[in-house]
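# Breakdown of the fold
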Amino acid sequence: MIDHEVVDLSRLQFAATALYHFIFVPLTLGLSWLLVVMEAAYVMSGKEIYRDMTRFWGKLYGINFALGVTTGLTMEFQFGTNWAYYSHYVGDIFGAPLAIEGLMAFFLESTMVGLFFFGWQRLSKVQHLTVTTLMALGTNLSAVLILIANGWMQDPVGAQFNPVTMRMELTDFYALVFNPVAQAKFVHTVSAGYTTGAIFVLGISSWYLLRRQHVEFARRSFRIAAAFGLAGALSAIVLGDESGYSVSESQKSKLAAIEAMWETEPAPASFNLIASINEEAQKNDWAIQIPYALGLIATRSTTEQLPGIRDIRKKNRDRITNGIIAVQALEQMRKNPADDKARALFEYHQGDMGYGLLVKRYTTDVSKATPEMIDKAAHDSVPKVAPLFWSFRIMVVLGFGMALLFGLSLWASIRNSFEQKRWLLHWAVWFIPAPWIAAQAGWIVAEVGRQPWTVFGMLPTHLSASSVSAASLWGSIAGFIGFYTLLLIAEMYLMFKYARTGPTILEPLQQGA
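Residues numbered from 1 in each chain as written. Predicted model: local features only at pLDDT ≥ 70, side-chain atom pairs only at ≥ 80, totals over all residues. Heavy atoms only, no water.

Moving on, we come to the overall build of the chain. Across its full length, the chain carries 18 helices and 6 strands. For the chain, whose C-alpha radius of gyration is 25 Å, the value lies close to the compact-globule estimate of 24 Å for 513 residues. For the chain, the spread of C-alpha atoms along the principal axes amounts to about 80 × 50 × 40 Å. Within the chain, the fraction of its 513 residues that count as buried is 53%. For the chain, the share of sequence-separated contacts (at least 6 apart) that also reach a separation of at least 24 residues comes to 78%. When the accessible surface of the chain is split by element, carbon and sulfur atoms take 64% of a total near 22500 Å². Across the chain, the mean location of the 40 positive side-chain charges is 9 Å away from that of the 39 negative side-chain charges. (Helix = DSSP H or I, 4+ residues; strand = E, 2+ residues; numbered from the N terminus. Rg over C-alpha atoms; globule rule 2.2 N^0.38 Å. Buried < 20%, exposed > 50% of the residue type's maximum accessible area, 1.4 Å probe, protein only. Contact = heavy atoms within 4.5 Å. Areas by Shrake-Rupley, 256 points an atom, 1.4 Å probe, with all protein chains shown as cover. Lys, Arg positive; Asp, Glu negative; His and termini not counted. Charge placed at Lys NZ, Arg CZ, Asp CG, Glu CD.)

In this section: the pattern of salt bridges. Going through the model one piece at a time under the given rule, you end up with 12 salt bridges. Each of Arg 212, Glu 216, Arg 219, Arg 220 and Glu 419 takes part in a single network of salt bridges with overlapping partners. (Salt bridge = Lys/Arg side-chain N within 4 Å of Asp/Glu carboxyl O.)

Of note, the bond from Ala 267 into Pro 268 is cis; its omega dihedral lies within 30 degrees of zero at -10°. Within the fold, Pro 268 resides in the loop between α8 (252–258) and β3 (271–278). Residue Ala 260 is not a glycine yet carries a positive backbone phi of 50°. Structurally, Ala 260 can be placed in the loop between α8 and β3. You will see that Gln 282, though not glycine, has its phi angle at about 55°, which is positive. Inspection of the secondary structure assignment puts Gln 282 in the loop between β3 and β4 (283–290). Given a relative accessible area of 19%, Gln 282 falls into the buried group.

Close contact between helix α2 (residues 48–81) and helix α3 (residues 84–118) brings their axes to 12 Å; oriented N to C, the two are set at 160°. Viewed along their axes, α2 and α3 adopt a mutual orientation that is roughly antiparallel. Considering the relative orientation of α2 and α3, their crossing is left-handed. Facing Thr 54, Gly 58, Lys 59, Tyr 61, Gly 62, Phe 65, Val 69, Glu 76, Phe 79 and Gly 80 of α2, the residues of α3 in contact are Ala 84, Tyr 86, Ser 87, Phe 94, Leu 98, Glu 101, Phe 106, Glu 109, Ser 110, Val 113, Phe 116 and Phe 117. The residue inventory of the contact of α2 with α3, partitioned by class, reads 12 nonpolar, 6 polar and 4 charged. (Axes fitted to C-alpha atoms, helices over the stretch in contact; angles between N-to-C directions. Parallel < 35°, antiparallel > 145°, perpendicular 65-115°, else oblique. Left-handed = near helix turned anticlockwise from the far one by under 90°. Nonpolar A, V, L, I, M, F, W, Y, C, P; charged D, E, K, R; others polar.)

Along any regular strand the residues' side chains alternate between the sheet's two faces. Relative to β4, β3 is paired through 7 bridges, and the arrangement is antiparallel. Across the sheet, residue Ile 274 finds its bridge partner in β4, namely Ile 288. In this structure, the hairpin formed by β3 and β4 is closed by a connection of 4 residues, where Gln 282 is found at a positive phi of approximately 55°. (Pairing = 2+ DSSP bridges.)

Topologically, Gln 154 is positioned in helix α4 (residues 125–154). On the basis of relative accessibility, which here comes to 1%, the residue Gln 154 falls in the buried class. Apart from residues lying up to four places away in sequence, Gln 154 is in contact with Val 181, Lys 185, Gln 251, Lys 254, Ala 446, Glu 447, Arg 450 and Phe 456.

Ranked by internal contacts, the top residues of the largest apolar core, which has 144 residues, are Trp 57, Tyr 86, Phe 200 and Ile 320. Beyond its immediate chain neighbours, meaning those up to four positions away, Phe 200 contacts Leu 27, Leu 31, Trp 57, Leu 60, Trp 436 and Met 495. By size, the runner-up hydrophobic cluster in this structure holds 5 residues, among which are Val 6, Leu 9, Ala 470 and Leu 473. (Core = buried A, V, L, I, M, F, W, Y, C linked by side-chain atoms within 4.5 Å.)

This brings us to the packing of helix α1 (residues 4–45) against helix α17 (residues 470–501). α17 packs onto α1 with a crossing angle of 15° between their chain directions and a minimal axis gap of 10 Å. In terms of orientation, α1 and α17 fall into the roughly parallel class. The element α1 and its partner α17 pack so that their crossing is left-handed. Contact residues: α1 offers Glu 5, Val 6, Leu 9, Ser 10, Leu 12, Gln 13, Ala 16, Thr 17, Tyr 20, Ile 23, Phe 24 and Leu 27, while α17 offers Ala 470, Leu 473, Trp 474, Ser 476, Ile 477, Phe 480, Ile 481, Tyr 484, Thr 485, Leu 488, Glu 491 and Met 495. Residue composition of the contact of α1 with α17, grouped by class: 17 nonpolar, 5 polar and 2 charged.

Attention shifts here to the pairing of strand β1 (residues 159–162). Here β1 runs beside strand β2 (residues 167–170); their pairing, made up of 4 bridges, is antiparallel. Bridge pairing links Asn 162 to Arg 167 in β2. Between β1 and β2, which pair antiparallel one after the other, the connecting turn spans 4 residues, and Met 166 there sits at a positive phi close to 60°.

Time to look at a nonpolar patch on the surface. Taken together, Leu 273, Ile 274, Trp 286, Ile 288, Ile 290 and Trp 390 make up a surface patch of nonpolar side chains, about 540 Å² in accessible area. Only β3 and β4 provide two or more residues apiece to the nonpolar patch. Here the element with the most residues in the nonpolar patch is β4; it accounts for 3 residues. Along the chain, Ile 290 falls in strand β4. (Patch = residues over 30% accessible without salt bridge, like charges linked within 9 Å, V, L, I, M, F, W, Y side chains within 5 Å.)

Looking now at the side chain of Gln 13. Considering the arrangement of structural elements, one finds Gln 13 in helix α1. Gln 13 gets classed as buried once you look at its relative accessible area, which sits at 3%. Residues in contact with Gln 13, not counting those within four places in the same chain, are Gln 78, Asn 82, Leu 473, Ser 476, Ile 477 and Phe 480.

In this section: the packing of aromatic side chains. Aromatic rings in a pair are described by how distant their centres are and how their planes are angled relative to each other. Summed over all chains, the structure comprises 26 aromatic pairs. Considering the side-chain rings of Phe 56 and Trp 57, the 4.9 Å spacing of their centres and the 70° angle between planes classify their relative orientation as edge-to-face. By relative accessible area, Trp 57 is classed as buried at 0%. Their ring planes at 85° and their centres at 4.9 Å tell us that Phe 389 and Trp 390 sit as a pair that is edge-to-face. When its relative accessible area of 37% is taken as the criterion, Trp 390 is described as partly exposed. Site record: aromatic cluster; members linked through ring pairs are Phe 14, Phe 79, Tyr 86 and Phe 94. Its guanidinium or amino end placed over the ring of Tyr 498, Lys 59 lies 5.7 Å from that ring's centre, counting from NZ or CZ. (Phe/Tyr/Trp six-rings, centres within 6.5 Å; stacked < 30°, edge-to-face > 60°. Lys NZ or Arg CZ within 6 Å of the ring centre and 35° of its normal.)

This is the structure:
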């Protein structure tokens, strides 16, 4: 029987390390291109202040990059230590983009980081700008390859199950790379990263202006961050809509849970702005709705109907029943490879095999699954509603709040009045944590929304974990959280220290030069 404590602890450990790692990733993505913009301004204008801006924000980028690498390395090892069957089952597919990321994107990025910091006196202006640009490209290339792997988990295209090897095999690398879900996730995620970097620069620059420190440095940083941030925030919103559209195509259960849509509504469906969710009764006790909004956003039509949670579970119950037939046929084929009847049954029901495996949460022998077990598996086939519903709304509200902040900041920059608007500067300072909260909420929407699957529709989470003890997992969880917390404290200490010091930290470097 499956040890559900081991599965839950494995999920908790990966979630904890992923959430810690994702504290560092968005800032790395955003600051990398801001450095390109600042250094390009230096190369084109020849003004030393832009060089100082590049070096100062680059120092904060370097601190964040180092800690991001440290927290990210352990995550890949967990696929082997905590998720051994998952690695065995889909490793040939999932491992391909991760291997390319490590061998190409990460080495490009890390090499350029070294040249960025140590090449100021050894490279020409244009050469150093090229290094900075390649560093940013490497950072974003890492993101796209990792999100290709993650996107395949959300929508497993270009692969086929081999009943002989009992593993998934890659059949179309092009489909894997250009998976619409992966591409939508990439552009939305990197746009969120650009927003994070811009908020970081905008907030610290505002703090300098409020204290009348490093004024000219802060003015120019503020202006660049406002323009860059508005583009990033609007892109995140628009491309988030595209990501939602891809979810409506490939993961209808996730979309229904995000919107707490229990019943199928006539098209176009209403959008639940806020609601009191009653998961036990499978209904909302009350809801404030925007008529037609969900249908128009999610389907981009007035006639396409979105299924509610009850109908999805009903349909999935039928798929589970068919999937049980596929699992039984596969087991018979393994006993007798020449059994043509079993092979024909398997091929006919193969598309539902993953749903049949959901029953293994309750019985090791799917042929003994009772109607009650099938009902439980069908109920499990839709993720928990409340975490997704509220996480999505937190992300959206903060996203629009940041877009408004950037818009007002850019307008004030154009009118050269932002220094007099202390309320705007205070808003920018207090909003520094906002992109991180939104990013963590978005991660919950993406990953909790995939449950109960590791690979959507193919491999249930409860079958993916390694055969390890709960005690060892408790120990590793405590170790990871403790170590990562120390790293986070170190990051915060260094960031606060150098942010308070400001660009004056460059003076010893300039004197040494």
